[in-house]
Amino acid sequence: MTQFPIDGFQSALWFDTAVTAPSTEPLNEDITTDVVIIGAGITGLNAAIELAQNATNVVVLEAGVVGGGASGRNGGQVNVGLNLSPDALVAHYGQAAAEPLLAALVRTPQTVFDRIKQFDMVCDAEQTGWIQGAVTPKRLAEQQRQAEEFARIGLQIEELDRATIARKTGSGNYIGGSFIKPCGSIQPLSYTRELARVALDAGVKIYSHSAVQTLKRRAEHAGWIVSTGVGQVCAEQVLVCTNGYTDSTVSGLRQKVVPARSIQVATEPLPAGLQERILPHRSTLVEKRRMVLYGRYDRDGRLTMGDHGPMRDQFCLDDFTDLKNRAIDVFPELEGVRWDYHWGGRLAITKDRLPFLFAPTADLLIGMGYNGRGVGMGSMMGLAMASRLLQRDVEHAFMPVTTPDEFVLHAFHEIGATMIIRWDMLMDRLEESRA
Ligand SMILES: Cc1cc2nc3c(=O)[nH]c(=O)nc-3n(C[C@H](O)[C@H](O)[C@H](O)COP(=O)(O)OP(=O)(O)OC[C@H]3O[C@@H](n4cnc5c(N)ncnc54)[C@H](O)[C@@H]3O)c2cc1C
């Protein structure tokens, strides 16, 4: 039974169905290493594995537990692409910087699923494709344009007409859409715990309940002293992978991301007949509009659905009413089913709606800002950060290094974000009423 208030992590469906958590302790001594990574989520742990497998000593410091950030709470959709289309990314970064990034975007889902196989990760991985549903002609035209742009860089996206998308989703809600075959889903907390298991096996030291409080330059040597108050780590280099949970440890960083919330619900395991009608091929679904709605099955046939949440970390049942109604609008057959799980977490929104790899100094790398797309992109960012430290070529260190803009009036971000959500909902309604 869901308690009030709802804790966004321990109330998650994933918390009940994940593989066992890795055994980790708090840091309570002073140690030395090559690289310290702050944050044990998808980004930090992918970077840790890659570095450790390339003869680098790595320590990961995590404020809570492995996967306790967004990585253990998310929708588990392994998707492709960013908020800008391929052509817009070229305009944004310039051709030379955009090319390796675009190539990396195209290979994102396959890379994630290949690594899951390579490391024998138990995380309910299913490569069943991603359906993007359009509710207005404007959104459909946008999707068709994106499909053409992706085709030019080597990713074939299948366009779906009204009848086909109705068959693939079991919903009459969409006028058309697209299908991207290499995408799919994972159990996100299992994926993150399995990343930690692989990292530990590779020699990475992971400390939980070890929030970094200060990051200081070493007095007489190159590198950093990273302190949790109880213990400290001396390291040559620091990677910051804290995404929506970024605090004030790194001066000025907090102002570069707004921690928006996303919430999810999961049904009871649906009867076989219903599973044959709703998303019969177990593809993942995203309804493309300003306020996206997303959904998928878990391994036991529970349908999970998610959208935006209120700007706080603890939720109450009322917060989920609109989401459930939206889910029933799309799949009327859900009327009357039991909703067994309610949860949510933080994602990081950036000013330009793109992730960033920021290097304030050569020995401090910051990778975050996935704007809700961090399962695939966070995995890739972790690899890109490691590749940069390992001084690999641009194909691997594909993420352009940029200086992200700050949000002016960041102190008022909760009010600002709430207003933007209301505005976006209104604009969605207007667009749909005109269609
Ligand atoms: C409800 C929800 C649904 C989502 N669905 C999807 C989806 O289906 N597909 C998708 O691609 N993306 C999705 N996302 C986004 C995705 O989950 C994130 O982008 C991704 O998990 C980010 O991973 P990360 O490792 O960078 O950060 P996180 O997993 O958030 O980890 C950051 C970690 O840093 C730690 N930390 C912070 N400060 C400190 C400190 N001072 N010291 C030590 N540790 C610290 C935190 O405790 C946290 O564990 C969703 C997000 C949410 C919230």
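As the structure is a prediction and not an experimental result, all values here were calculated from the model. (Residues numbered from 1 in each chain as written. Predicted model: local features only at pLDDT ≥ 70, side-chain atom pairs only at ≥ 80, totals over all residues.)

### Here we look at the site of the ligand
Near the ligand lie 45 residues; those nearest to it are Gly 39, Gly 41, Gly 69, Gly 75 and Gly 374. Looking at the shell around the ligand, the elements with two or more residues in it are helix H2 (42–52), strand E13 (258–269), strand E18 (339–349) and helix H10 (374–389). When grouped by side-chain class, the residues that make up the shell around the ligand number 14 nonpolar, 26 polar and 5 charged. (Near = placed C-beta within 6 Å. Helix = DSSP H or I, 4+ residues; strand = E, 2+ residues; numbered from the N terminus. Nonpolar A, V, L, I, M, F, W, Y, C, P; charged D, E, K, R; others polar.)

### A look at the pairing of strand E12 (residues 232–240)
Of all 9 residues in E12, 7 are buried; the element is thus mostly enclosed. One ladder, built from 8 bridges, connects strand E2 (residues 30–38) with E12; its direction is parallel. Residue pairing for E12: Thr 33 is matched across the bridge by Ala 235. With 4 bridges connecting them, strand E11 (residues 224–227) and E12 associate as antiparallel partners. Its bridge partner being in E12, Trp 224 is matched across the sheet by Ala 235. Remark: 4 residues form the turn of the hairpin made by E11 and E12, two consecutive strands paired antiparallel; Gly 229 in that turn has positive phi of roughly 95°. (Buried ≥ 20, exposed ≤ 12 C-beta atoms within 10 Å, placed from the backbone. Pairing = 2+ DSSP bridges.)

### Things to note about the sheet that holds E18
With mixed pairing, the 8 strands of this open sheet are ordered in space as E6-E7-E5-E14-E15-E16-E13-E18. Whereas interior strands pair on both sides, the edge strands pair on one side only; in this sheet they are strand E6 (158–160) and E18. Pairs of neighbouring strands in the sheet enclose a mean axial angle of 20°, with direction left out of account. In the sheet, strand E5 (residues 130–134) pairs with strand E14 (residues 284–288) via 5 bridges, with the strands oriented parallel. Note that in E14 the partner of Gln 132 across the bridge is Val 286. (Axes fitted to C-alpha atoms, helices over the stretch in contact; angles between N-to-C directions.)

### A short note on unusual backbone geometry
Even without a glycine there, the phi angle at Asp 124 is positive, about 50°. In this structure, Asp 124 sits in the loop between helix H4 (95–118) and E5. Owing to 21 C-beta atoms within 10 Å, Asp 124 belongs among the buried residues under this scheme. Even without glycine at this site, Asn 243 takes up a positive phi of about 35°. Mapped onto the fold, Asn 243 is located in the loop between E12 and E13. Classification of Asn 243 by C-beta neighbours within 10 Å gives buried; the count is 27.

### Observations regarding the nonpolar core
Within the largest apolar cluster, 119 residues are counted, with the highest numbers of intra-cluster contacts made by Val 36, Ile 37, Ala 48, Val 60 and Ala 199. The biggest single contributor to this core is H10, with 9 residues. Here Val 60 is in contact with Ile 37, Ala 40, Gly 44, Ala 48, Val 204, Ile 206 and Tyr 207, once residues within four sequence places are set aside. (Core = buried A, V, L, I, M, F, W, Y, C linked by C-beta atoms within 7 Å. Contact = placed C-beta atoms within 7 Å.)

### Some thoughts on the packing of H2 against helix H7 (residues 188–201)
Put simply, H2 and H7 touch, their axes get as near as 9 Å, and they point 25° apart. By the angle class used here, H2 and H7 are roughly parallel. Crossing of H2 against H7: the hand is left-handed. Residues Ile 42, Leu 45, Asn 46, Ala 48, Ile 49 and Ala 52 of H2 form the contact with H7, whose own contacting residues are Thr 192, Leu 195, Ala 196, Val 198 and Ala 199. Taken together, the residues of the contact of H2 with H7 break down into 9 nonpolar, 2 polar and no charged. (Parallel < 35°, antiparallel > 145°, perpendicular 65-115°, else oblique. Left-handed = near helix turned anticlockwise from the far one by under 90°.)

### As for the pairing of E11
Only one face of E11 is covered, namely the face carrying Trp 224 and Val 226; the face carrying Ile 225 and Ser 227 is uncovered. Both strand E10 (residues 214–217) and E11 contribute to a ladder of 4 bridges, which runs antiparallel. Across the sheet, residue Thr 214 finds its bridge partner in E11, namely Ser 227. Hairpin geometry of E10 and E11 is characterised by an intervening segment of 6 residues between the two adjacent antiparallel strands and by a positive phi of about 105° at Gly 223.

### Section: H2
Counting buried residues along H2, 11 of its 11 residues qualify, which places the element largely inside the surrounding structure. If you check which residues of H2 are buried, you get Ile 42, Thr 43, Gly 44, Leu 45, Asn 46, Ala 47, Ala 48, Ile 49, Glu 50, Leu 51 and Ala 52. As for H2, its buried residues are in contact with E2, strand E3 (58–61), H7, E12, strand E20 (364–368) and H10.

### Digging into the environment of Glu 432
Topologically, Glu 432 is positioned in helix H11 (residues 413–434). Taking the C-beta count within 10 Å as the criterion, Glu 432 has 13 such neighbours and is therefore assigned partly exposed. Other than its neighbours up to four places away in sequence, Glu 432 contacts Val 135 and Thr 136.

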